[in-house]
Amino acid sequence: MGDTAAQAIENIYGTPITENELGWLEEIRDASRNKNPRLTSRSRAALRAVFGG
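Residues numbered from 1 in each chain as written. Predicted model: local features only at pLDDT ≥ 70, side-chain atom pairs only at ≥ 80, totals over all residues. Heavy atoms only, no water.

A. Highlighting the overall build of the protein. Of the regular secondary structure elements, the protein holds 3 helices and 0 strands. Ordered by position from N to C terminus, the α and β elements of the protein give α-α-α. Relative to the 2.2 N^0.38 estimate, which gives 10 Å for 53 residues, the radius of gyration of the protein is 15 Å and therefore markedly larger than a compact globule would have. When its C-alpha atoms are laid out on the principal axes, the protein stretches across 40 × 25 × 20 Å. Counting the 53 residues in the protein, one finds 2% classified as buried. Just so you have it, the protein exposes about 5200 Å², and 53% of that area is on carbon and sulfur atoms. (Helix = DSSP H or I, 4+ residues; strand = E, 2+ residues; numbered from the N terminus. Rg over C-alpha atoms; globule rule 2.2 N^0.38 Å. Buried < 20%, exposed > 50% of the residue type's maximum accessible area, 1.4 Å probe, protein only. Areas by Shrake-Rupley, 256 points an atom, 1.4 Å probe, with all protein chains shown as cover.)

As structure tokens, then:
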């Protein structure tokens, strides 16, 4: 796929995610029982602690 086509797809569907990111998203959905939790400063800090940042 060329750059133009890739950009058009991204413009239509948004930023693609990797299989690993999908795994994280599915786990968040499962852990929250699909309640669509808001990213709070506390949850952001917890995530950053996991990754050392």
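B. Representation of the confidence of the model for the protein in the model. Taken as a whole, the protein shows an average pLDDT of 94; of its residues, 100% reach a score of 70 or greater. Looking over the protein, one finds the lowest element-wise mean pLDDT in helix H1 (residues 3-13), namely 93, and the highest in helix H2 (residues 19-31), namely 96. (pLDDT = per-residue confidence, 0-100.)

C. How the structure looks around unusual backbone geometry. One non-glycine residue, Arg33, lies in the positive phi region at around 55°. Counting through the fold element by element, Arg33 comes out in the loop between H2 and helix H3 (41-50). What makes Arg33 exposed here is its relative accessible area of 70%. Phi angles above zero are rare outside glycine, and Asn34 is one such case at about 60°. Residue Asn34 is classed as exposed on the basis of its relative accessible area of 61%.

D. Molecular detail of the packing of aromatic side chains. What the rule picks out here adds up to 1 aromatic pair. Centre to centre, the rings of Trp24 and Phe51 are 5.4 Å apart; their planes meet at 40°, and the pair counts as tilted. Taken together, the residues Trp24 in helix H2 and Phe51 in the segment after H3 connect sequence positions 27 residues apart. When its relative accessible area of 43% is taken as the criterion, Trp24 is described as partly exposed. (Phe/Tyr/Trp six-rings, centres within 6.5 Å; stacked < 30°, edge-to-face > 60°.)

E. H2, seen in detail. For H2, built from 13 residues, the straight-helix expectation of 18 Å at 1.5 Å per residue is met to within 8% by its first-to-last C-alpha distance of 18 Å. One or two steps after H2, the chain reaches Arg33, where phi turns positive at roughly 55°. (Expected span 1.5 Å × (residues − 1).)

F. Structural detail: a nonpolar patch on the surface. Taken together, Trp24, Leu39, Leu47, Val50 and Phe51 make up a surface patch of nonpolar side chains, about 520 Å² in accessible area. Following the sequence through the fold, Leu47 ends up in helix H3. We classify Leu47 as partly exposed; its relative accessible area is 34%. (Patch = residues over 30% accessible without salt bridge, like charges linked within 9 Å, V, L, I, M, F, W, Y side chains within 5 Å. Salt bridge = Lys/Arg side-chain N within 4 Å of Asp/Glu carboxyl O.)

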